[in-house]
Amino acid sequence: MSSQNFTSEQQQTSVFETWFDEFVATLRSHQIQLETDTATDDLKSFYKSLFSGNLDEIAKQNKLMTQQHFVKNMVFDYIKSIGKFMPLRLAFDYNDSEVLVWAEIQDDDDVAEKNLILGDAEVSAKYHQYGFGMNTTIVEKGDEISVPNHYQIYK
């Protein structure tokens, strides 16, 4: 049994070593990009904030990166979740903690409506633990309501 624990400890050490090796390699890559002026503006801005010790700016950038990460994944998961029940029109927006969905379906299409609601619930349940949710507005074609101009049209 002690040999199994040793193997488990070795595996954990290997995971740590791999993670740190990759982390250091990424830092070195960033260093080269910064030194050769080939870094993206976002990368330059991130390191400028780090070097200056501006914690407010670091927190702001972290918030934006977090938002981008979760919004992208939530939209992908939502589209995957609704699958073949793609609405006539679909658009997205987001705020600090929510992805907003605008979906237009055929009049009286209860099956599509149910699937959009279930997709919303599934995604909200998955990402709630990270402080993000989803809010879907469903309209029918006969309502003749335009997609609000602040939404990004997907379909």
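For clarity, every value in this text was computed on a predicted model and none was experimentally measured.

A closer look at a nonpolar patch on the surface
Argument step 1. Residues Val15, Phe16, Trp19, Phe20, Phe23, Val24 and Leu27 make up a contiguous nonpolar surface patch of roughly 690 Å² in combined accessible area.
Argument step 2. Mapped onto the fold, Leu27 is located in helix α1 (residues 2–35).
Argument step 3. Leu27 sits in the partly exposed class, given a relative accessible area of 36%.

Brief notes about helix α3 (residues 55–82)
Argument step 1. With 28 residues, α3 should reach 40 Å at 1.5 Å per residue; the first-to-last C-alpha distance of 40 Å fits that figure.
Argument step 2. Turning to α3, its buried residues are Gln61, Gln67, Phe70, Val71, Met74, Val75, Asp77, Tyr78, Ile79 and Ile82.
Argument step 3. For α3, the elements touching its buried residues are α2 (41–52), β1 (89–94), β2 (98–105), α4 (110–127) and β3 (133–140).
Argument step 4. Sitting at the amino-terminal end of α3 is Asn54, which places a side-chain oxygen 3.3 Å from the backbone nitrogen of Asp56.
Argument step 5. Of the residues flanking the end of α3, it is Gly83, one or two places downstream, whose phi is positive at about 45°.

Remarks on the layout of surface pockets
Argument step 1. The calculated volume of the largest pocket comes to roughly 220 Å³.
Argument step 2. Surrounding the largest pocket, Asp42, Leu43, Ser45, Phe46, Gln61, Leu64, Met65 and Gln68 form its lining.
Argument step 3. Elements that contribute at least two residues to the lining of the largest pocket include exactly α2 and α3.

What about the side chain of Thr136?
Argument step 1. Within the secondary structure layout, Thr136 lies in strand β3.
Argument step 2. What makes Thr136 buried here is its relative accessible area of 17%.
Argument step 3. At 2.7 Å, the side chain of Thr136 forms a polar contact with the side chain of Asp120.
Argument step 4. Beyond its immediate sequence surroundings of up to four residues, Thr136 is in contact with Tyr78, Val101 and Asp120.

Reading guide: rules and limits
- Residues numbered from 1 in each chain as written.
- Predicted model: local features only at pLDDT ≥ 70, side-chain atom pairs only at ≥ 80, totals over all residues.
- Heavy atoms only, no water.
- Patch = residues over 30% accessible without salt bridge, like charges linked within 9 Å, V, L, I, M, F, W, Y side chains within 5 Å.
- Areas by Shrake-Rupley, 256 points an atom, 1.4 Å probe, with all protein chains shown as cover.
- Salt bridge = Lys/Arg side-chain N within 4 Å of Asp/Glu carboxyl O.
- Helix = DSSP H or I, 4+ residues; strand = E, 2+ residues; numbered from the N terminus.
- Buried < 20%, exposed > 50% of the residue type's maximum accessible area, 1.4 Å probe, protein only.
- Expected span 1.5 Å × (residues − 1).
- Contact = heavy atoms within 4.5 Å.
- Polar contact = N/O pair within 3.5 Å; in protein donor to acceptor, adjacent residues only side chain to side chain.
- 1 Å grid on protein atoms, 1.4 Å probe; cavity = no way out; pocket = protein on both sides within 12 Å on 5 of 7 lines; lining within 4 Å.
- Points joined across faces, edges and corners; volume = space filled by probe spheres on them.

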